[in-house]
Amino acid sequence: MSAPGLPEVSCSACDAVCCRLTVVVMPDDPVPRHLVDRTPEGLDVMARGEDGWCVAVDPLRMCCTVYEQRPAICRKFAMGSPYCRSEREAYARRYDDVGDHVDAAPSPIPLRLR
Ligand code: SF4
Ligand code: SF4
């Protein structure tokens, strides 16, 4: 449910935009360790593919393949929250620019932000 005046947001109609963010993995997160990368600064994060998405994303359904084992930070990221909305808007703007900056297109997957 959205706050009055705000458009509806649904994970089922989204390109898993939050799964393109840096996702810090804590020692007690149950995520499979082969999906975790260590940054040069020594921080454990969810590994990301060349397309920019977390490697745990199912690219066909754009959903999490380790949902029950996902890191705590993923559990806290609330659908429709201000952070969710701002990331979706930034992502949509990036794709709106693709027509003018084709070389900058990160990947040709369809937009599902509506
Ligand atoms: S929480 Fe927000 S950004 Fe993440 S999948 Fe759901 S709608 Fe998309
Ligand atoms: S672990 Fe799952 S919910 Fe978290 S960023 Fe990766 S795909 Fe998204």
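Predicted model, so just to flag it, every value in this text is computed and none were measured.

Novice: If you had to explain the overall build of the protein chain to someone new, which residues and values would you point to?
Specialist: From N to C terminus, the protein chain includes two helices and four strands. Shown N-terminal to C-terminal, the secondary structure of the protein chain runs as helices and strands in the order β-β-β-β-α-α. The buried share of the protein chain, reckoned over its 114 residues, is 33%. Across the protein chain, contacts joining residues at least 24 apart in sequence account for 54% of those joining residues at least 6 apart. Just so you have it, the protein chain exposes about 7,700 Å², and 57% of that area is on carbon and sulfur atoms.

Novice: Tell me about the packing of aromatic side chains, residues and numbers included.
Specialist: Taken as a whole and judged by the stated rule, the model has two aromatic pairs. Here Trp53 and Tyr91 contribute two aromatic rings whose centre-to-centre distance is 6.2 Å and whose plane-to-plane angle is 80°, an arrangement assigned as edge-to-face. Highlighted residues: Trp53 in the loop between strand 2 (44–46) and strand 3 (57–58) and Tyr91 in helix 2 (residues 82–96), separated in sequence by 38 residues. Residue Trp53 shares its accessibility class with Tyr91, and that shared class is buried. The interplanar angle of 50° and the centroid separation of 5.0 Å between the aromatic rings of Phe77 and Tyr83 together place this pair among those described as tilted.

Novice: Explain the site of ligand 2 to me, and be specific about the residues and the numbers.
Specialist: Taken together, the neighbourhood of ligand 2 is formed by Cys19, Val23, Met46, Cys54, Ala56, Val57, Cys64, Pro71 and Cys74. Structurally, ligand 2 is housed in the largest pocket. Here the residues of the shell around ligand 2 sort into nine nonpolar, no polar and no charged.

Novice: Give a description of the environment of Cys74 that names residues and reports values.
Specialist: Tracing the sequence through the fold places Cys74 in helix 1 (residues 72–76). Between the C-alpha atoms of Cys74 and Cys19, which are 55 residues apart in sequence, the distance is 8.4 Å.

Novice: I'd love a proper account of the site of ligand 1, names of residues and values included.
Specialist: Surrounding ligand 1, one finds Val9, Cys11, Cys14, Ala16, Val17, Cys18, Phe77, Met79, Cys84 and Arg88. When atoms are counted within 2 Å of each cavity's grid points, the one that captures over half of ligand 1 is the largest pocket. Taken together, the residues of the shell around ligand 1 sort by class into nine nonpolar, no polar and one charged.

Novice: Explain helix 2 to me, using residue names and the numbers behind them.
Specialist: For helix 2, spanning 15 residues, the distance from its first C-alpha to its last is 21 Å, which sits close to the expected 21 Å at 1.5 Å a residue. Among the residues making up helix 2, those that are buried are Cys84, Arg85, Arg88, Tyr91 and Tyr95. All buried residues of helix 2 project into a common sector of 130° when viewed along the axis, lining one side. Turned more than 90 degrees off the buried face of helix 2, the exposed positions are Pro82, Arg93 and Asp96.

What counts, and at which threshold
Residues numbered from 1 in each chain as written. Chains lettered and ligands numbered in written order. Predicted model: local features only at pLDDT ≥ 70, side-chain atom pairs only at ≥ 80, totals over all residues. Heavy atoms only, no water. Helix = DSSP H or I, 4+ residues; strand = E, 2+ residues; numbered from the N terminus. Buried < 20%, exposed > 50% of the residue type's maximum accessible area, 1.4 Å probe, protein only. Contact = heavy atoms within 4.5 Å. Areas by Shrake-Rupley, 256 points an atom, 1.4 Å probe, with all protein chains shown as cover. Phe/Tyr/Trp six-rings, centres within 6.5 Å; stacked < 30°, edge-to-face > 60°. Near = heavy atom within 4 Å. 1 Å grid on protein atoms, 1.4 Å probe; cavity = no way out; pocket = protein on both sides within 12 Å on 5 of 7 lines; lining within 4 Å. Sits in = over half its atoms within 2 Å of the grid points. Nonpolar A, V, L, I, M, F, W, Y, C, P; charged D, E, K, R; others polar. Expected span 1.5 Å × (residues − 1). Arc of directions from axis to C-beta.

By themselves, these figures tell us nothing about what the structure is for.
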